[in-house]
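# Geometric and topological summary
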Amino acid sequence: MKKILVVCGNGLGSSFIMELNVKKALEQMGKEAEVSHTDIATARTEPADIYLGAQDIITTLDDGTRTIVALENVMDIEQIKAQLSDKL
């Protein structure tokens, strides 16, 4: 099962809401994944198959080895589904 790590600046409110939206998107897609949330500093050391977050934050994790999903609108479930569809 793939692991999706939802990342925000502090790992608190916004990443938790994004985590819920990712879970809802996965359910609508009929897909399963382990989903958790954290802050950007912890994400640098935590292994995951997919790192997902707001475009302005998540791109700092792009080191060429990670699968990054950068969202323009972190609340848009349709965008989340579109970005994840080819990565699961």
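Residues numbered from 1 in each chain as written. Predicted model: local features only at pLDDT ≥ 70, side-chain atom pairs only at ≥ 80, totals over all residues. Heavy atoms only, no water.

## Considerations on the sheet that holds strand β3 (residues 50-54)
Spatially, the four strands line up as an open sheet ordered β2-β1-β3-β4, and their pairing is parallel. Because the sheet does not close on itself, it has two edges, and the strands there are β2 (34-39) and β4 (68-71). Neighbouring strand axes in the sheet, compared pairwise and without regard to direction, differ in orientation by 25° on average. Note: strand β1 (residues 3-8) against β3, four bridges, orientation parallel. Within the sheet, the bridge partner assigned to Ile4 lies in β3 and is Ile50. Of the strands in this sheet, β1, β2 and β3 are in contact with helix α1 (residues 13-29), which crosses β1 at around 145°. In the packing of helix α4 (residues 77-84) onto the sheet, the strands contacted are β1, β3 and β4, and the crossing angle to β4 comes to about 155°. (Pairing = 2+ DSSP bridges. Helix = DSSP H or I, 4+ residues; strand = E, 2+ residues; numbered from the N terminus. Axes fitted to C-alpha atoms, helices over the stretch in contact; angles between N-to-C directions. Contact = heavy atoms within 4.5 Å.)

## A short note on the nonpolar core
In a soluble, globular protein the nonpolar side chains are often hidden away together inside. Counting 18 residues, the largest nonpolar core has Ile4, Val6, Val22, Leu26, Leu52 and Leu84 as the members making the most contacts within it. Of all the elements in the fold, those that place two or more residues in this core are β1, α1, β3, β4 and α4. Per element, the largest residue contribution to this core is four residues, and it comes from α1. Apart from residues no more than four positions distant in its own chain, Leu26 is found in contact with Ile4, Lys31, Ala33, Val35, Leu84 and Leu88. In terms of nonpolar packing, the next biggest core, distinct from the first, is built from nine residues, Val7, Ile40, Ala48 and Ile58 among them. (Core = buried A, V, L, I, M, F, W, Y, C linked by side-chain atoms within 4.5 Å. Buried < 20%, exposed > 50% of the residue type's maximum accessible area, 1.4 Å probe, protein only.)

## What about the pattern of salt bridges?
In the structure shown here, the tally under the stated rule is five salt bridges. A salt bridge links Glu46 to Lys3; its shortest N-O distance comes to 3.0 Å. Of this pair, Glu46 sits in the loop between α2 (40-43) and β3 while Lys3 sits in strand β1, and the two are 43 residues apart along the sequence. On the basis of relative accessibility, which here comes to 22%, the residue Glu46 falls in the partly exposed class. Residue class for Lys3 comes out buried when judged on its relative accessible area of 18%. The partner of Lys23 in a salt bridge is Glu19, with the nearest N and O atoms 2.9 Å apart. With a gap of four residues between them, Lys23 and Glu19 both fall in helix α1, about one helical turn apart. Relative accessible area serves as the criterion here: at 7%, Glu19 is assigned to the buried category. (Salt bridge = Lys/Arg side-chain N within 4 Å of Asp/Glu carboxyl O.)

## Topic: the environment of Ser15
Structurally, Ser15 is set in helix α1. Apart from residues lying up to four places away in sequence, Ser15 is in contact with Val6, Val7, Cys8, His37 and Thr38.

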